[in-house]
Structures are given as C-alpha cells and as structure tokens.
Amino acid sequence: MSEQRDQFSSKIGFILAAAGSAVGIGNLVGFPVAATKNGGGAFLIIYALFVAFICVPVMLAEMGLGRRAQKSPLGSYQALSPDNKGWHIAGLLAVITPFMIAVFYMVITVWIFGYLWHSVTGNLAMLADPEYFGQFVNDYGFVGFLVAVTVIINVILVGGVRKGIEKAAKFLMPALFIMLVLLVIFVLSLDNAALGVEFYLVPDFSKIDGSVINGALAQAFFSLSLGMGILITYGSYFSRRDDIVTSGKLVALTDTAVAFTAGLMTLPAIFAINPNTNPDTLSDSSVSMIFSFFPQIFVALEGVVGYFGASLAATVFFLLTFIAAITSLVSILEVPTAAIIEKAKFSRKKTLLVMGFAVTVLTLIAATSFGFIPAFTEFTSYAGQTKSVFDVIYDVFYDTILPLNGLLICLFVTLHWRKKGLEDELSEGNPNYRNTLLAKYVRISISTFIPLILAVVFINTVLTKFVGFSLF
Ligand code: PHE
C-alpha cells in the first residue's frame, strides 16, 4: 500500500500556493516596465486577452493532467501514456526545465536578498552607486547570501505540501498584498506620480508590432508559471472534490491583478523622481531595473522623506520582491523534488539534500558567469554573440523550452489523453463545467489555434536566438 499523497488542505490553500508561484519578479518589475515601453493600455489589453484566451486553457490542462495522474510531471506523462515512450520525453522536459529555471531565478533571488540586507543595514547610498552592482555580483559575499536563501527554501520545502508550501503561502501572500498596497499608496502620494500612471495606462496602439505581441505572450506564460511542470505538480496535490476550474481562474486573476497593481507602484515612482523620463530609455532587463535603477530612485527619495524614510521604502520594496521570488522558487523546486521522491523513492529530506546540493553548485556556476570566472562568462557563442552560462540557461530554458512545453501539453491533451479526458477531469468538483462556454472554448482552442500559436512562438524564438533571424 503506498502512502497517502500529501494534499493541499483546501481550495484556498491551493489558490494561495499557486498564486505564490505565479506572483514573482516578472509581475513586480518585468510586467510594468514592458507595459509602459510597449504601448501602455494597448499592451495591457493584449496581455489580458492572452491570459484569458491562451493561458487559462493551458493552465487548466496542466492542473487537470496532474490531478488525474496524481504524480509529478515525469510520472504523469508516463502514467497516462504507458506504451508511448515519446511522451515520456515531454515528462522529462517538464522536470528538467524547472530545475534549470530555478538556477537562474535563484541567482536573482540571492542578489535581491543581498540588496534587502544592505537596505536594512543602512547602506542604500552604496547600492545606488552606478558601479556597485558590478562589484556586488563579483564578490565572495554572494556565498553567504546563497546559504541563507537555500536554508529558507529548504525549511519551507521540508514541511511538504500542507505543512510547508501551503503554510508559508498563507502567511507570505497576504503579507505581500499588504506591502504592495502600502507602497502603491505611498508612491501615488508623491508629486508627479500621475505622469507615470498616464504612461502606464494611456493606450498607444502604434507601438504594437509582432515582437511586442510575442513578448506579451511570453510574459503572460512565464507569469502564470506555465510550461514549468509546476501546475501539473500542484494539480496532483489538489483534492478530487475541489473545483480546479474556478481555482485556476482565480489564480490567473490574482496574478494579473498583482502585475497590474505593481505598475501603479513602479511607474509613478520613476516619474516622481524624474518627470522627464522617456519610457523608451527604460531598460528591458528586469535585472538592471531592480539592481541599478531602483536603488537610484530610492536614494532620490531622500529629498522627500529623508534617508531613513528612503531606506524604509527600499526595504519594503526588496522584502516584497524577495517574498514574491521565494514563493516562486519553492514551487519550482517542488517539481524536481516530487519527481525524485517518486522515482528514486528517497525520503523528502534526502531528496532535498541531493537537490539542494545540485542547485547550489549550478547557481554558483551561473552566478560566477558575470565576469568572476572567465570560462563561465564567455562560455559559448551563437548567432554572433558571446554568451555566459547564465545567458545560455535563460535563452534555452526560459525563452525557448517554455513555449515548447506548453505546446507539448496541448498536443498531449489532444492526441493522446483526448480532449474528453481533460473535460471529465475538470468536471470533477465542478459538475456543471461541461455545459459552460469555457468548456466549449477549451475543447476547441486547446487542439487548434493555441498549439499553433505556441508552435510559431517556439520556431520564431529558435530562429531569433540561435540563428539570428526573426520571423517578425
Ligand atoms: N511566475 C513567476 C514570475 O512572474 C515566474 C516563476 C515561477 C519563476 C516559478 C520561477 C518559478 O516571476
């Protein structure tokens, strides 16, 4: 007799944990800046449409697959297609992808922790020095911050689903919402904040082109934690009596609402400090925004609220981002954890030890590829550009494999498991699902245009990233 599988205690437990996964650095920084640069309200509309019409069906498919199989992504694909070895590769990809994305996300999270530490200890002025980030990433201090972050994550993961992940989410997510709202209120009370709101919200359709549309879809996909095996894994911890469909919709709504609200903090802050900011000059990279740009904004607040007030604002901001990052990291590391427990039959503790070691080593390699160790910094080159280990992980797993994993799940649902299998699963806990408009929409879209769009995105990314040629 196998042991009873650990489960979320309730629908709300699942929703908070899944929202904890979805709400991350992408929401707080990536989304607001992408929106402002790419047509404001016009981008917001396109993004919302992608969430509703492309991401929600994929999300339901992932959750349904996990709950049906009651296994990790690796085991789920295997269990539902025992004789078809081809699909097992999809399962393998759905476990390797989160592991590698965890490495790149871990590097950024450790840096955030370092910046949080320095904000709390009164070193905001140091952080705002334009040279500082370059020194910080090449400093041995990284190891100390890495150990601290690894301990925090493992303390949560060792508790398992209900006593670890769910408990942490129930405490951390409300704290995150409160801090976000407090920061928004504070920022909106500053002079010139309205200018930022204007850039963020007023639609400019002339900015919309193929690459903006592609970027909006990629952002939505990443933000909802799709293609990473996370929702398959969390789905497997979801009670059969509970309603996946409503929960999925609520997670998508929460994630989008947080991203939208973050824009009311980020942009007004930028414009309050410099009303002449040209949005086109803002960096596309969340990393340079968080670590180079924001500290300068916070330091500039000194004139308004004093050094202590500015440090306090910076501390709340980095704490907020840190919490968002930690709850995402926990979810992504749960995927390989579940797979190892299942396949190697290790205990949770032993699994976390093995995996923690592997992640730490890879994180160190990725983190030292910013100049510290030349062999990792100039690791390889493609499409005419030299790439570091960090770049390769980002390009291969985040940019390329995520849409591929999304495509594979759509194909699996359509070709192997059959659409009816998905519909039956989603009807459990929501008996009326079959008669809804959403069910009709999912039935049609998941086997036609959603996989088609994901295939185009995948091919375009491969061509752009590795061949140096873009379709649009
Ligand atoms: N959804 C997260 C974000 O927006 C992305 C993520 C989730 C990354 C889970 C890693 C793990 O930042």
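Everything quoted here is computed from the prediction, not taken from an experiment.

Novice: Tell me about a nonpolar patch on the surface, and please be specific about residues and values.
Specialist: Among the surface-exposed residues, I444, F449, L452, V456, I459, V467, F469, L471 and F472 lie close enough to one another that they form a single nonpolar patch of about 840 Å² accessible area. Since its relative accessible area comes to 34%, F449 is described here as partly exposed.

Novice: How would you sum up unusual backbone geometry? Please name residues and give values.
Specialist: Of note in the backbone geometry, S225 takes a positive phi value of approximately 60° without being a glycine. Under the relative-accessibility criterion, S225 is labelled buried at 5%. Phi is positive for K345, which is not a glycine, with a value near 55°. Tracing the backbone shows K345 in the loop between α15 (302-344) and α16 (348-367).

Novice: Go over the packing of aromatic side chains with me, naming the residues and quoting the values.
Specialist: This structure, assessed with the given rule, holds 43 aromatic pairs. Taken together, a centroid distance of 5.2 Å and an interplanar angle of 90° make the contact between W111 and F133 edge-to-face. In this pair, W111 is assigned in helix α5 (residues 85-120) and F133 in helix α7 (residues 132-137), connecting sequence segments 22 residues apart. With relative accessibility at 0%, the residue W111 sits in the buried group.

Novice: Any details on the side chain of S331? Residues and values, ideally.
Specialist: For S331, the position within the fold is in helix α15. Exposure remark for S331: the relative accessible area of 1% places this residue in the buried category. Polar contacts involving the side chain of S331 include one to the side chain of S21, which spans 2.8 Å. Looking at S331, its side chain comes within polar contact range of the main-chain oxygen of S328, at 2.7 Å. Here S331 is in contact with S21, I230 and Y234, once residues within four sequence places are set aside.

Novice: An account of the site of the ligand is requested, with residue identities and associated values reported.
Specialist: Inspection of the region around the ligand gives 15 residues, with A22, G26, Y105, F222 and S223 positioned closest. One of the side-chain N or O atoms of N27 is found 3.1 Å from an oxygen atom in the ligand. At 3.1 Å, a backbone N or O of F222 approaches a nitrogen atom of the ligand. When isolated, the ligand has an accessible area of 320 Å², and the protein chains bury 100% of it. Of all elements in the fold, only α1 (11-22), α2 (25-37), α11 (210-223) and α15 reach the threshold of two or more residues within the shell around the ligand. Classifying every residue of the shell around the ligand gives seven nonpolar, eight polar and no charged.

Novice: With reference to specific residues and values, describe the nonpolar core.
Specialist: Within the largest apolar cluster, 167 residues are counted, with the highest numbers of intra-cluster contacts made by F14, Y77, I108, W111, I153 and F291. Looking at which element gives the most residues to this core, the answer is α5, with 20 residues. Apart from residues no more than four positions distant in its own chain, Y77 is found in contact with L65, W87, H88, A90, G91, I232, L408, I409 and F412.

Novice: Can you explain α16? Please cite residues and give values.
Specialist: Compared with an ideal rise of 1.5 Å per residue, which puts 20 residues at 28 Å, α16 spans 27 Å between its outermost C-alpha atoms and is within 8% of the ideal. Taken together, the buried positions of α16 are R348, T351, L352, M355, G356, V359, T363, A366 and A367. An end-on view of α16 places all buried positions within 120° of arc, on one side of the element. Exposed side of α16, more than 90 degrees from the buried face: L353 and F357 are the residues found there.

Novice: Requested: an account of the pattern of salt bridges, with residues and values cited.
Specialist: Within this structure, the stated rule accounts for 15 salt bridges. In this structure, D284 and K37 form a salt bridge, with 3.6 Å as the shortest nitrogen-oxygen distance. Taken together, the residues D284 in the loop between α13 (244-273) and α14 (286-300) and K37 in helix α2 connect sequence positions 247 residues apart. The class for D284 is exposed, based on a relative accessible area of 70%. Between R348 and E334 there is a salt bridge, with its nearest N and O atoms 2.8 Å apart.

About the criteria used
Residues numbered from 1 in each chain as written. Predicted model: local features only at pLDDT ≥ 70, side-chain atom pairs only at ≥ 80, totals over all residues. Heavy atoms only, no water. Patch = residues over 30% accessible without salt bridge, like charges linked within 9 Å, V, L, I, M, F, W, Y side chains within 5 Å. Areas by Shrake-Rupley, 256 points an atom, 1.4 Å probe, with all protein chains shown as cover. Salt bridge = Lys/Arg side-chain N within 4 Å of Asp/Glu carboxyl O. Buried < 20%, exposed > 50% of the residue type's maximum accessible area, 1.4 Å probe, protein only. Helix = DSSP H or I, 4+ residues; strand = E, 2+ residues; numbered from the N terminus. Phe/Tyr/Trp six-rings, centres within 6.5 Å; stacked < 30°, edge-to-face > 60°. Polar contact = N/O pair within 3.5 Å; in protein donor to acceptor, adjacent residues only side chain to side chain. Contact = heavy atoms within 4.5 Å. Near = heavy atom within 4 Å. Nonpolar A, V, L, I, M, F, W, Y, C, P; charged D, E, K, R; others polar. Core = buried A, V, L, I, M, F, W, Y, C linked by side-chain atoms within 4.5 Å. Expected span 1.5 Å × (residues − 1). Arc of directions from axis to C-beta.

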